[in-house]
Amino acid sequence: MKITDFYNYKKPGKKISMVTAYDYTMAGLAAESSVDCVLVGDSLAMVMHGHESTLAATVDLMALHTGAVARAVRNKLVVADMPFLSMRKGLGPAMLAVEKLARAGAQAVKAEGLEGHEKIIAHIIKSDMPVMGHLGLTPQSINKFGGYKAQGKDPASAERLLIQAQELERLGCFALVLECVPAALAERISAALKIPVIGIGAGQGTDGQVLVMQDMLGLYGEPPSFVKKYMDGRRLVLRALNGFDGEVKKLVFPKRKRG
Ligand code: KIV
């Protein structure tokens, strides 16, 4: 899937699937799969580096992981997250961040929120780097939200999210991630926009879905309640590791060569 295919996905019956990838091995699996699009999410600060939130991700860290992913994914769109504060230090630093991510192999960037960085989003897009918006429970704002709380639950905040989504479309974003908002609101926003809306914990009425790969494979702790585990990865990996350990201790591995 290329960036130009995104508008064609805004059709009944067509849905976009996106997964995160942070390293060459997992990105290679995403590349081989039928999944449409790969996101180098700033969730890598938690999943790859053990931090408590995404706030620890830096531009250099994002670029390092983006390079590893882009070397594995040659056949799909690679989107990289603009990390915490990278949109808030003015146009010059924001463009330097975009440049680092683009040179590492990102074909688009994702920026959380809208208020205060409308001009920067417009400038990035006018500089020919596509931007994916991200509204709702934007994890970079957890200190403001007071934790990981669903957004858009009351009529006023739902209205605000709709207006922000429309503004992101007007600025030229090619797609929007909508995280943890009521399903009815996600459906309403999806219907109001011409660009595809990719949901996470936002019900079925969006134009696609995104998940953190380690969550859906059951590899990373206890995932949020909206995540479907497609595999019990921790159990499988632990079985393999313990199998290896047991064989080493019993002198079964490696097999003795004959002769
Ligand atoms: O960082 C991330 O993984 C994300 C997705 C969950 C949308 O932003």
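The structure contained in this document is the topic of the report that follows.

## Side note on the pattern of salt bridges
- Summed over all chains, the structure comprises eight salt bridges.
- In this structure, Asp232 engages Arg235 in a salt bridge whose closest nitrogen and oxygen atoms are separated by 3.2 Å.
- The class of Arg235 is partly exposed, set by a relative accessible area of 48%.
- Close ionic contact of Asp245 with Lys249 constitutes a salt bridge, the shortest N to O distance being 2.5 Å. Residue Asp245 and its partner Lys249 are located together in helix α10 (residues 233–249), separated by four residues, close to a single helical turn.
- Since its relative accessible area comes to 33%, Asp245 is described here as partly exposed.

## What to know about the site of the ligand
- The environment of the ligand is made up of Thr20, Leu39, Gly41, Asp42, Ser43, Asp81, Lys110, His134, Val177, Ile200 and Val212.
- Here Ser43 contributes a side-chain N or O atom positioned 2.5 Å from an oxygen atom of the ligand.
- Here an oxygen atom of the ligand and a side-chain polar atom of Asp81 are 3.1 Å apart.
- In isolation the ligand has 260 Å² of accessible area, and contact with the protein removes 95% of it.

## Some points on the nonpolar core
- Ranked by internal contacts, the top residues of the largest apolar core, which has 65 residues, are Ile121, Leu176 and Ile189.
- Ignoring anything within four residues of it in the chain, the contact list for Ile189 reads Leu161, Leu162, Ala165, Leu176, Leu178 and Val197.
- In this structure, Leu77, Phe174, Val177 and Ile198 belong to the second largest nonpolar core, which totals 17 residues.

## Focus on the environment of Tyr9
- Here Tyr9 is to be found in the segment before β1 (16–20).
- Remark: the alpha-carbon pair of Tyr9 and Gln164, spanning 155 residues in sequence, is separated by 22 Å.
- Residue contacts for Tyr9: discarding those within four places in its chain leaves Met1, Lys14, Lys15, Ile16 and Asp36.

## Quick notes on helix α1 (residues 24–32)
- Every buried residue belonging to α1 is among Met26, Ala27, Ala30 and Ala31, and all of these are buried. Each buried residue of α1 lies within a common arc of 150° when the element is viewed along its axis, so the set occupies one face. Seen from the open side of α1, the exposed residues pointing more than 90 degrees away from its buried face are Tyr24, Thr25 and Glu32.
- The opening residue of α1 is Asp23, an N-cap whose side-chain oxygen sits 3.0 Å from the backbone nitrogen of Thr25.

## Some words on unusual backbone geometry
- A cis amide bond, omega -10°, links Phe253 with the succeeding residue Pro254.
- Relative to the elements of secondary structure, Pro254 occurs in the segment after α10.
- The backbone phi angle of Asp128 is positive, close to 75°, even though this residue is not glycine.
- Relative to the helices and strands, Asp128 is located in the loop between α5 (118–126) and β5 (131–136).
- The phi dihedral of Cys180 falls on the positive side, at around 50°, and the residue is not glycine.

## Topic: the side chain of Lys76
- Summarising the element assignment, Lys76 is placed in the loop between α3 (59–72) and β3 (77–81).
- Asp36 provides the closest opposite charge to the buried, salt-bridge-free Lys76, at an N-O distance of 6.4 Å.
- Engagement of the side chain of Lys76 in a polar contact is seen with the backbone oxygen of Ser33, the distance being 2.8 Å.
- A polar contact of 2.6 Å, which involves the side chain of Lys76, links it to the backbone oxygen of Val35.
- Aside from chain neighbours lying at most four places away, what touches Lys76 is Met1, Ala30, Ala31, Ser33, Ser34, Val35, Asp36, Cys37, Val38 and Gln107.

Parameters at a glance
- Each chain has its residues counted from 1, running along the sequence as written.
- Only residues with pLDDT of at least 70 get local features here, since the model is predicted, and only at 80 or more are side-chain atom pairs given and counted; chain-wide, interface and lining totals rely on the full set of residues.
- To obtain the side-chain values, all non-hydrogen atoms of the structure were included, while hydrogens and water were left out.
- For this document, the term salt bridge refers to a Lys or Arg side-chain nitrogen within 4 Å of an Asp or Glu carboxyl oxygen.
- Throughout this description, buried means an accessible area under 20% of the type-specific maximum (1.4 Å probe, protein chains only), exposed means over 50%, and partly exposed covers the range between.
- Strands here mean DSSP runs of E at least two residues long; helices mean DSSP runs of H or I at least four residues long; both are numbered from the N terminus.
- It suffices for a single heavy atom of a residue to lie within 4 Å of a molecule or strand for the residue to be listed as near it.
- Polar contact is the term for a pair of N or O atoms within 3.5 Å; when the atoms are in protein, one must be able to donate a hydrogen and the other to accept it, and sequence-neighboring residues count only if both atoms are side-chain atoms.
- Note that accessible areas follow from Shrake-Rupley with a 1.4 Å probe, and for residues the cover is restricted to the protein chains shown.
- Among buried residues, those of type Ala, Val, Leu, Ile, Met, Phe, Trp, Tyr and Cys that are joined through side-chain atoms within 4.5 Å constitute a nonpolar core.
- Contact between two residues is taken to exist if any of their heavy atoms lie within 4.5 Å; hydrogens are not considered.
- Think of the arc as the fan of directions from the helix axis to the C-beta atoms.
- When charges are counted, Lys and Arg are positive and Asp and Glu negative, with His and the chain ends excluded.

Purely spatial values, then, with no claim about function.
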